[in-house]
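# Report on the structure
Residue-level listing of the chains:
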Amino acid sequence: LREVLAEAGIEAVLTREADEFVSLEARVRIARRAGAGLFISLHADALEEGSASGATVYTLADEAVDEATQKLTERHEAGDLLGGVDLQGGGDELARVLVDIARTETRPRTHALADALVGAIGDQVGGLYKQPLRTADFSVLKSPDIPAVLVELGFLSNARDLKRIKSAEWQGALRDGIIEWRSEDALRTALRRQ
């Protein structure tokens, strides 16, 4: 996927290059320090019993936002909260207000990213879960200023999903969804600044 994105002029920074553990918070820090314009966490699921199939794209659940803001301001270094903005000396309340402002701008951008990815996956790969847009309280979605989604590519325990996951169409769909979102996001940003 990184090579397919590079061919389209999109630099991808991976949070890991090998089968090694990287904490969830470290993944977000890596994205922030790389100056990421978006964050996509890729996953594949599996079931030991029963069957399920299809891709799903997750965004941060609304009910998780307040709790996420509280935890972020308590646990992260002040410079890691909002792309290096110096919040030291401002207190927790200032940090919460600034994080909420960042989320207000980032949330619609995140939903637009999720929509673009689901559209591209549906058009090019198929095999979407019956409700492909979902919300959750995943740690990797809690960055207040970087649009972030978690993509469940499908189920490794399902033969059709496994075949789709291994296909080049997946990489193309993710690339095209990102390109579509990036183009629309640039237009929306330009309109907001007018």
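Cut-offs and rules
Residues numbered from 1 in each chain as written. Predicted model: local features only at pLDDT ≥ 70, side-chain atom pairs only at ≥ 80, totals over all residues. Heavy atoms only, no water. 1 Å grid on protein atoms, 1.4 Å probe; cavity = no way out; pocket = protein on both sides within 12 Å on 5 of 7 lines; lining within 4 Å. Points joined across faces, edges and corners; volume = space filled by probe spheres on them. Helix = DSSP H or I, 4+ residues; strand = E, 2+ residues; numbered from the N terminus. Core = buried A, V, L, I, M, F, W, Y, C linked by side-chain atoms within 4.5 Å. Buried < 20%, exposed > 50% of the residue type's maximum accessible area, 1.4 Å probe, protein only. Contact = heavy atoms within 4.5 Å. Pairing = 2+ DSSP bridges. Axes fitted to C-alpha atoms, helices over the stretch in contact; angles between N-to-C directions. Salt bridge = Lys/Arg side-chain N within 4 Å of Asp/Glu carboxyl O. Arc of directions from axis to C-beta. Polar contact = N/O pair within 3.5 Å; in protein donor to acceptor, adjacent residues only side chain to side chain.

Over the atoms a probe the size of a water molecule is rolled, and this reveals where empty space is left. As enumerated under the stated definition, the model contains one cavity of 30 Å³ or more in all. In this structure, the largest cavity spans a volume of roughly 140 Å³. If you trace the largest cavity, you find 14 residues lining it, with L60, R103, R107, T110 and L141 closest to the centre. Among the elements of the structure, β2 (55-60) and α5 (91-124) are those that each provide at least two residues to the lining of the largest cavity. With five residues, α5 is the largest single contributor of residues to the lining of the largest cavity.

Attention now moves to the nonpolar core. Core analysis: the biggest nonpolar cluster contains 22 residues, and V57, L117, I121, V149, V151 and W170 have the highest contact counts within it. Of the residues forming this core, the biggest block, eight residues, is contributed by α5. Once residues within four sequence positions are removed from consideration, V57 is found in contact with A114, L117, V118, I121, P132, L133, R134, V149, L150 and V151. Formed by 10 residues, the second largest nonpolar core is a distinct cluster that contains F39, L60, L141 and I146.

Attention now goes to the sheet that holds strand β1 (residues 39-45). Reading across the sheet, the four strands line up as β1-β4-β2-β3 and stay open at both edges, with mixed pairing between neighbours. At either end of the open sheet lies a strand with only one pairing partner, and these are β1 and β3 (128-136). Across this sheet, the average inter-strand angle for adjacent strands is 20°, counted without regard to direction. Looking at chain direction, β2 and strand β4 (residues 148-155) are connected through three bridges and run antiparallel. Bridge pairing in β4 links T56 to E152.

Our next topic: the pattern of salt bridges. Close approach of charged atoms allows side chains of opposite charge to pair. Under the counting rule described, the total for this entry stands at seven salt bridges. One salt bridge connects R2 with E17, and the closest N-O pair in it is separated by 3.1 Å. In this pair, R2 sits in helix α1 (residues 2-7) while E17 sits in the loop between α1 and α2 (24-33), placing the two residues 15 residues apart along the sequence. R2 sits in the partly exposed class, given a relative accessible area of 38%. On the basis of relative accessible area, E17 is assigned to the exposed category, the value being 59%.

What follows is about the pairing of β2. Here β2 lies mainly inside the structure; six of its six residues are buried. In this structure, β2 lies alongside β3, joined through five bridges in parallel fashion. The residue of β3 that forms the bridge with A55 is L128.

This part covers helix α6 (residues 159-166). Listed in full, the buried residues belonging to α6 are D161, R164 and I165. Viewed along the axis of α6, the buried residues span an arc of 100°, placing them on a single side of the element. In this structure, α6 carries A159, K163 and K166 as exposed residues pointing more than 90 degrees from its buried face. If you follow the buried residues of α6, they end up packed against β1, β4 and α7 (168-193). Here α6 starts with a cap whose side-chain oxygen sits 3.0 Å from the backbone nitrogen of R160, and that cap is N158.

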